[in-house]
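Coordinate inspection notes
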Amino acid sequence: MDLFDYMRENSKEKDSPLAKRLRPTALDEVVGQEHILGQDKLLYRIIKADKLSSIILYGPPGTGKTTLAMVIANTTSANFREINATTSGKKDIGEVVSEAQDNLKMYGKRTILFVDEIHRFNKAQQDYLLPFVEDGTVVLIGATTENPYFEVNSALVSRSTIFQLKPLTKENIEVLIRRAISDKEKGMGSYDVEITNEAVSFLADVSEGDARNALNAIELGVLSTERDEKTGKIIIDLSVAEECIQRRNIKYDKDGDNHYDVISAFIKSMRGSDPDAAVYYLAKMLYAGESVTFIARRIMICACEDVGNADPQAIVVATSCAQAVERVGMPEAQIILAHAAIYVACAPKSNSIVNAIYSAMDSVKNVGNSVVPNHLRDAHYSGSKNLGNVGYKYAHDYPNHYVDQQYLPDNLMGSRFYEPGDNGYEKEIKRWFGHIKGDEAQY
């Protein structure tokens, strides 16, 4: 490297984005991912011991896949090479492999190959890499935002340990934001910046687990904000934070009263058959970063509690959408949740099921000596007849697959827990009960 190359490298490092400059160089500087990087966890131990075998790092953007690879590069005694699957091909792999073979033969030195976005390699490229991973010519670190079990050659997957990285917590990102503000060497500490707690909390919340989003916003805020005339400091407050990340801070505290107010309004809008209000409150929760699984659970409850048998398909739609949300994820999950919420809001309503189970629970709690009638007891064991467990009438042997016989305990005879209503399909249930029991006036 000559003087000009050295100057270019220094300038490149100095002018690189904050998120890149702030990347940890040591394992103990990494924030988050405690489930794989805790001091008693496998990945932490093998990196510390420099005994890395092939791994694939899988997780959403901004969770630290490249950061982990760079930490490994700084701590390992092996030769470290990096390629990006979007711009590299078989020729680039071949050059790394040739160099790795020479290093192994001449110096006994391993080579770690970091392939960023490994899912971008086509099948032929992955197949070409496979034998060199298999024979230990290179130790592979693959990074991908896609599920490796679907997007990476199954043979490569079987020869690698998969480590899933999770979105950083709000607390993790708050640590990184404050580090970025105070670090004078790699961060923005030399700019004399002051950031409010509200701005830190907001940026950490809306970045949705992606540290890069938060750090980019901080850098933009520091570089574009005039110094305060009184203090001479650059002040990053909530309004600056909103502008830098282009998100408005809506009033929705996921741990406070507003959280409960909005979810309450959402449920009451579905119960009240107002799809417009339901989808509005859904959008408000999604915009604020509410858990999609939490929302899906509330829709499923509403489908049973407020629709019930007036439309038995409501719980089917709500449950299917809840499963789809988990498999698809955001941002498409918002469409699936809207589907479920609008369906439940538009469905005919009944709370007969709620009344039935609450009434039955009260009876179980308050009425004693409720003995199962003999003819309903288990009669599949020898001696059951001696105990009087006889006389059961099999409903399918009778017209309309119905026969009048006692089902409730003696002390609850005549009790009615389920009272079908007059909306939707419950009207049909009511008609059918009246027909088979010969007492349409009662139903």
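Residues numbered from 1 in each chain as written. Predicted model: local features only at pLDDT ≥ 70, side-chain atom pairs only at ≥ 80, totals over all residues. Heavy atoms only, no water.

1. Some points on the overall build of the chain
Helix and strand content of the chain: 20 helices and seven strands. Counting only residues that meet the buried cut, the chain has 42% of its 443 residues in that class. Restricting to contacts in the chain with at least 6 residues of sequence separation, those with at least 24 account for 71%. For the chain, the exposed surface amounts to about 24,900 Å²; the carbon and sulfur share of it is 50%. (Helix = DSSP H or I, 4+ residues; strand = E, 2+ residues; numbered from the N terminus. Buried < 20%, exposed > 50% of the residue type's maximum accessible area, 1.4 Å probe, protein only. Contact = heavy atoms within 4.5 Å. Areas by Shrake-Rupley, 256 points an atom, 1.4 Å probe, with all protein chains shown as cover.)

2. Focus on the packing of helix H12 (residues 211-224) against helix H13 (residues 238-245)
Packing of H12 against H13 leaves a shortest axis separation of 9 Å and a crossing angle of 115°. Here H13 runs roughly perpendicular to H12, going by the angle between their axes. As H12 runs across H13, the sense of the crossing is right-handed. Contact residues: H12 offers Asn213, Ala217, Leu220 and Gly221, while H13 offers Val240, Cys244 and Ile245. Grouping the constituent residues of the contact of H12 with H13 by class yields five nonpolar, two polar and no charged. (Axes fitted to C-alpha atoms, helices over the stretch in contact; angles between N-to-C directions. Parallel < 35°, antiparallel > 145°, perpendicular 65-115°, else oblique. Left-handed = near helix turned anticlockwise from the far one by under 90°. Nonpolar A, V, L, I, M, F, W, Y, C, P; charged D, E, K, R; others polar.)

3. Section: the pattern of salt bridges
One pass over the structure, following the stated rule, counts 12 salt bridges. Two residues, Arg21 and Glu219, come together in a salt bridge whose shortest N-O distance is 3.5 Å. Here Glu219 lies in helix H12 and Arg21 lies in helix H2 (residues 18-21), a separation of 198 residues in the sequence. On the basis of relative accessible area, Glu219 is assigned to the buried category, the value being 15%. Across the pair Arg159 and Glu134 runs a salt bridge, and its minimum N-O distance is 2.7 Å. (Salt bridge = Lys/Arg side-chain N within 4 Å of Asp/Glu carboxyl O.)

4. As for the nonpolar core
One broad rule of soluble globular proteins: the nonpolar side chains tend to lie buried together. The biggest cluster of nonpolar side chains holds 32 residues, and the ones touching the most others in it are Phe266, Met270, Leu282, Ile295, Ile299, Leu337 and Val344. Among the elements of the structure, helix H14 (257-271), helix H15 (275-287), helix H16 (292-307), helix H17 (313-328) and helix H18 (333-346) are those that each provide at least two residues to this core. Discounting residues that sit within four places of it in the chain, Ile295 has contacts with Phe266, Leu282, Met285, Leu286, Glu290 and Leu337. Listed in part, the 31 residues of the second largest apolar core include Leu176, Ile181, Ala199 and Ala217. (Core = buried A, V, L, I, M, F, W, Y, C linked by side-chain atoms within 4.5 Å.)

5. A short note on unusual backbone geometry
The omega torsion across Met330 and Pro331 is 5°, close enough to zero to call that bond cis. Following the sequence through the fold, Pro331 ends up in the loop between H17 and H18. A positive phi angle, near 60°, is found at Gln33, a position not held by glycine. Judged by its relative accessible area of 5%, Gln33 falls in the buried class. You will see that His401, though not glycine, has its phi angle at about 55°, which is positive.

6. Here we look at the packing of aromatic side chains
Enumeration according to the criterion identifies two aromatic pairs in this entry. Consider the rings of Tyr128 and Phe132, whose centres lie 5.7 Å apart with planes at 70°: the pair is edge-to-face. With Tyr128 and Phe132 both in helix H7 (residues 123-134) and four residues apart, the pair spans about one turn of that helix. Given a relative accessible area of 29%, Tyr128 falls into the partly exposed group. By relative accessible area, Phe132 is classed as buried at 17%. Here the aromatic rings of Tyr280 and Tyr281 are separated by 5.2 Å at their centres, their planes lie at 70°, and the arrangement is edge-to-face. (Phe/Tyr/Trp six-rings, centres within 6.5 Å; stacked < 30°, edge-to-face > 60°.)

7. With respect to the confidence of the model for the chain
Residues of the chain with pLDDT of at least 70 account for 90%, and the chain-wide mean is 86. Of all secondary-structure elements in the chain, the lowest mean pLDDT belongs to helix H1 (residues 3-15), at 49, while H18 reaches the highest, 95. This model gives residues 3-7 a pLDDT under 50, and the stretch forms one contact once residues within four places in sequence are excluded. (pLDDT = per-residue confidence, 0-100.)

8. Thoughts on the pairing of strand E2 (residues 79-84)
Sheet topology note: the E2/strand E3 (residues 111-116) ladder contains six bridges and is parallel. Each residue of the ladder has a partner; that of Asn84, found in E3, is Asp116. With helix H6 (residues 90-107) bridging E2 and the parallel E3, this β-α-β connection has right-handed handedness. (Pairing = 2+ DSSP bridges. Right-handed = clockwise from strand over helix to strand, strands pointing away.)

9. As for the sheet that holds strand E1 (residues 55-58)
Across the sheet, five strands lie side by side as E2-E3-E4-E1-E5; this open sheet has parallel pairing. Unpaired on one side and paired on the other, E2 and strand E5 (161-164) mark the two borders of the sheet. Here the average twist between neighbouring strands, direction ignored, is 15°. Along the sheet, helix H5 (residues 65-75) makes contact with E1, E2, E3 and strand E4 (139-144), crossing E3 at roughly 165°. Strand contacts of H6: E2 and E3, with the helix running at about 175° to E2, the strand carrying the most contacts.

10. Topic: the environment of Tyr58
Inspection of the secondary structure puts Tyr58 in strand E1. When the C-alpha atoms of Tyr58 and Lys166 are compared, they prove to be 8.7 Å apart, with 108 residues separating the residues in sequence. Not counting chain neighbours up to four residues away, the residues in contact with Tyr58 comprise Lys65, Thr144, Thr145, Glu146, Asn147, Pro148, Phe163, Gln164 and Leu165.

11. Structural notes on the environment of Ile162
Within the fold, Ile162 resides in strand E5. The exposure class of Ile162 is partly exposed, given its relative accessible area of 21%. Leaving out residues up to four positions away in the same chain, Ile162 has contacts with Ile56, Pro148, Tyr149 and Val157.

12. Thoughts on H13
The complete set of buried residues in H13 reads Val240, Ala241, Cys244 and Ile245. One side of H13 carries all its buried residues, which in axial view fall inside an arc of 115°. The inward-facing, buried residues of H13 contact helix H11 (197-206), H12 and strand E7 (234-236). Looking at the residues trailing H13, positive phi occurs at Gln246, about 55°. (Arc of directions from axis to C-beta.)

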